[in-house]
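Architecture and fold: a report
Next come the chains, spelled out residue by residue.
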Amino acid sequence: MRSSKTIHVISCHAEGEVGDVIVGGVAPPPGATLWEQRSHVAKDGKLRNFVLNEPRGGVFRHVNLLVPPHHPEADAAFIIMEPEDTPPMSGSNSICVATVLLDSGIVAMREPVTDLVLEAPGGLVRVRAMCRNGKAERIFVQNVPSFADRIGFPLEVEGLGTLDVDTAYGGDSFVVVDAEALGFSITQDEAKDIARLGVRITDAANAQIGFTHPDNPDWTHISFCAFCGPVTQGKDGLSGRSAVAIQPGKVDRSPTGTAVSARMALMAAKGEMAVGDTFTATSIIGSSFSGRIVAETRIGERAAIVPEISGRGWITGIHQHMLDPDDPWPEGYRLSDTWGA
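This is a predicted model, so every value here is computed, not measured.

What counts, and where the lines are drawn
- Residues numbered from 1 in each chain as written.
- Predicted model: local features only at pLDDT ≥ 70, side-chain atom pairs only at ≥ 80, totals over all residues.
- Heavy atoms only, no water.
- Core = buried A, V, L, I, M, F, W, Y, C linked by side-chain atoms within 4.5 Å.
- Buried < 20%, exposed > 50% of the residue type's maximum accessible area, 1.4 Å probe, protein only.
- Helix = DSSP H or I, 4+ residues; strand = E, 2+ residues; numbered from the N terminus.
- Expected span 1.5 Å × (residues − 1).
- Salt bridge = Lys/Arg side-chain N within 4 Å of Asp/Glu carboxyl O.

Before going further, it helps to spend a moment on the nonpolar core. In terms of nonpolar packing, the biggest core is built from 70 residues, with Leu118, Leu155, Ile201 and Phe227 touching the most fellow members. The element contributing the most residues to this core is helix H3 (residues 91-103), with seven residues. In terms of nonpolar packing, the next biggest core, distinct from the first, is built from 16 residues, Val9, Leu47, Phe50 and Ile79 among them.

Now for helix H4 (residues 191-208). In this model, H4 (18 residues) spans 25 Å end to end at C-alpha, consistent with the 26 Å of a helix rising 1.5 Å per residue. Inspection of H4 places Ile194, Ala195, Leu197, Gly198, Val199, Ile201, Thr202, Ala204 and Ala205 among the buried residues, and these make up the whole buried set. After H4 finishes, the residue glycine 210 shows a positive phi value of roughly 75 degrees.

Counted under the stated rule, the structure contains 16 salt bridges. The residue arginine 312 makes a salt bridge to glutamate 15 at a minimum N-O spacing of 2.9 Å. Of this pair, arginine 312 sits in the loop between strand E19 (302-311) and strand E20 (313-322) while glutamate 15 is found in the loop between strand E1 (6-14) and strand E2 (17-18), placing the two residues 297 residues apart along the sequence. With relative accessibility at 34%, the residue arginine 312 sits in the partly exposed group. Given the relative accessible area of 4%, glutamate 15 is considered buried. Aspartate 236 is the partner of lysine 235 in a salt bridge, and the nearest nitrogen-oxygen pair spans 3.3 Å. Take lysine 235 and aspartate 236: they sit in the same class, and that class is exposed. Through salt bridges with shared partners, a single ionic network connects Arg2, Asp324 and Asp326.

Set out below in structure tokens:
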């Protein structure tokens, strides 16, 4: 078989959301920091296109590139590539990366608990993996500081009128809406409508609200729309359903770790959660992430929380993505039937 490029990938999913991991065949991108390397990947686009576009990828796929860490505390570093963004952090992707590192033997596993530190573009994340019989069974991720931004903002959405929305950051930026008020119960048959409406709400939020991260002037947009159902109190803490619409128009199959972090930051700002409290989010396919507020902190002048999320990941395969030198679509292609306009 001829190939002018061969990229080695271990495929994985975390509670339903695909987060493949590139383990070989790609040189570290240029940059003095991980954020600069992330920015190169985003601007250059060639690697993103090769692994995310069809025929190798699809709108459902996220891919993570392992690179040597910059921070002296980190055991490994990763750059996240999502369909439209190259974000600061991702909960499901960090669970996939930790699962691949441990289950494949790239990082030595210690049973029953393995501690490691990952460096994401948005900062360090501390991982605690519960391990048994050579398998990382549950991954706990102490996420980057998360904070509420706008609360109760009147957002005009064409065809819907005025919605009261919140915005928040949980490693990525969200506009948060009341799913029940919009007629959604967060069930699988609603996925297409949630995806399409979520893109419209996200676009409206970027036009009317915008976003600025106090410590990262490069992150100036809202990435996702989180549809959040009612919160209930049970013997194991708070719980609720949610679905996150991801550009260009899909629903996260997992409960979205950064959304869980952002939602806990909002509940903390509203006095509904405090340090030590827990929240379990259930996704549109019935999978769940557990969240906990570890501590209070600040980002610049903003009150923030240190969140921890946990979930499970599973390796689904090992792949070698190749490029025939005569392939007329070396960076793949996208069509509006699945990728949107």
